[in-house]
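Structural description and commentary
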Amino acid sequence: MPVPLRRDDTVHDRRPRYDSAPLRHAFFWYELLECARRGHRLEGTDAAQVRGEDALLVRDYGDGLRWHRCLRCDAWLPVVRPAAHSGRELPPGREETEIPLRGKPLRDRYVLRLIALDRLVHFLVLAVLSIAVLVLAHERRYLRGPFYRTMDLPQNGVGGPTGRAGQGLLGELGKAFATRSSTLWAVGLVLGAYAVLEGVEAVGLWLTKRWAEYLTFVATTVLLVPEIYELAQGRVTPTKVLTLIINAAISVYLLIAKRLFGLRGGGKAEAAERASHISWEALQRVLPGPPPR
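Residues numbered from 1 in each chain as written. Predicted model: local features only at pLDDT ≥ 70, side-chain atom pairs only at ≥ 80, totals over all residues. Heavy atoms only, no water.

1. Section: the overall build of the protein chain
The number of helices and strands found in the protein chain is 8 helices and 5 strands. The N-to-C order of helical and strand elements in the protein chain reads β-β-α-β-β-β-α-α-α-α-α-α-α. In the protein chain, which comprises 293 residues, the proportion classed as buried is 35%. (Helix = DSSP H or I, 4+ residues; strand = E, 2+ residues; numbered from the N terminus. Buried < 20%, exposed > 50% of the residue type's maximum accessible area, 1.4 Å probe, protein only.)

2. A look at the sheet that holds strand β3 (residues 58-60)
Judged by pairing direction, the sheet is antiparallel, and its 3 strands sit side by side in the order β3-β4-β5 without closing on themselves. In this open sheet, the two edge strands, each paired with only one partner strand, are β3 and β5 (76-80). Adjacent strand axes in the sheet meet at a mean angle of 25 degrees when their direction is disregarded. Across 3 bridges, β3 lies against strand β4 (residues 65-69) in antiparallel orientation. Counterpart to arginine 59 in the pairing with β4 is tryptophan 67. (Pairing = 2+ DSSP bridges. Axes fitted to C-alpha atoms, helices over the stretch in contact; angles between N-to-C directions.)

3. Points about the nonpolar core
The nonpolar side chains of soluble globular proteins are, as a tendency, buried together. In this structure, Leu112, Ile115, Ala116, Leu205, Ala212, Phe217, Ile250, Tyr253, Leu254, Ala257 and Leu260 together form the largest nonpolar core, which totals 11 residues. Of all the secondary-structure elements, those providing two or more residues to this core are α2 (103-152), α5 (210-232) and α6 (238-257). By residue number, the principal contributor to this core is α6, which donates 4 residues. Each residue touching phenylalanine 217, except ones within four places of it in the same chain, is listed here: Ser251, Leu254, Leu255, Leu260 and Phe261. (Core = buried A, V, L, I, M, F, W, Y, C linked by side-chain atoms within 4.5 Å. Contact = heavy atoms within 4.5 Å.)

4. Details of the pairing of β4
With respect to burial, β4 is a largely interior element, 5 of its 5 residues being buried. Neither face of β4 is exposed, since Leu65, Trp67 and Arg69 on one face and Arg66 and His68 on the opposite face are all buried. Here β3 hands over to β4 after 4 residues, with glycine 62 in that stretch at a positive phi of 75 degrees. When β4 meets β5, the two strands line up antiparallel, connected through 5 bridges. Each residue of the ladder has a partner; that of leucine 65, found in β5, is valine 80.

5. Thoughts on the pattern of salt bridges
Taken as a whole and assessed by the stated rule, the structure comprises 25 salt bridges. A salt bridge links glutamate 96 to arginine 88, with the nearest nitrogen and oxygen atoms 3.3 Å apart. The exposure class of arginine 88 is partly exposed, given its relative accessible area of 33%. Several salt bridges converge on common partners, so that one network encompasses Lys104, Arg107, Asp108, Arg210, Glu213, Lys258, Arg259, Glu270 and Glu273. (Salt bridge = Lys/Arg side-chain N within 4 Å of Asp/Glu carboxyl O.)

Structure below.
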C-alpha cells in the first residue's frame, strides 16, 4: 500500500522508494485501511497545468512526475504528468472537490459499523427463534406426538418410556410443548418485534444515522438491567459476562463519544467536530512534509 515517499539515493530515473509515514492516530490508522480498501483519493491527475494555489494537493517539480496528496491518508504519491490537452486544463477547485471521511468521523464510522454487525447477528438469531416459536405454536398439536415418541426411543432400552424431554435444550422444548398456545404466540411475536428492532438498529448504524445512535443506546441500556440482575442472582456464565461487558461498552461509547442527549455539547458539537476533520482547514492543519524534490 503506498504511503508517503522518500527520495532514493540510488539512481535510476530518480524514482523514490516507499517509506513509513508518521501516524496521526496512536493505535490505528483508519485512513490507511480505507485507502487499502477503496484506493487513494487523488485530485487533478489529468490536469494539463498546476497552479501555485494547488500546492496543498499537487506539486510539480518539472521532472516528468507530479506528486499528488491523498485527500484521505495524506500520502504523497508520484503520478506521471499527463500529455497536453489529454484531460482538463487545471485541477478542480475547492468548491468542486469533495473531501472524503478522515480523522475521527472515519474512526466513528468503523466503530458504528462494528456495532451494526453485532446487531445483525442479534437480528438473525432472534428472527430464527421467533419463526421457530410461531411455527411451534401453530403446529404444536401435530408435533407433540412425534417429539415425545422421539425422546422416548433412548429410554426404551433402559427402563421404558418416560414421556419427558429431559434437561437442557430438550427440556426447554418439553416445556414449550406443555405451554399454552396463547403464551407461545405472545413469545413469538415479542421475539419477532425485538428482531425487527435489532435489524433497524443495524441498518441505521451502518448508514451512520444519528437517530440509530439514540435508538441503540436506549435499547442497549434497557437490556443492561436484566443482565445485571441475572449475574446478581448468581447465574454467572462466561457468555453472560461477555455480553454485559460488550453492551456496557457500546452504551458508554455512544453516550460519550457521540455526545448523545446534549452531553459534551450534543449534536451541534458533534457536527462541528465532524466538520473540523473534513475541511480544507483540516488538510492545511495536518499538511505532511513536502514530497521529495
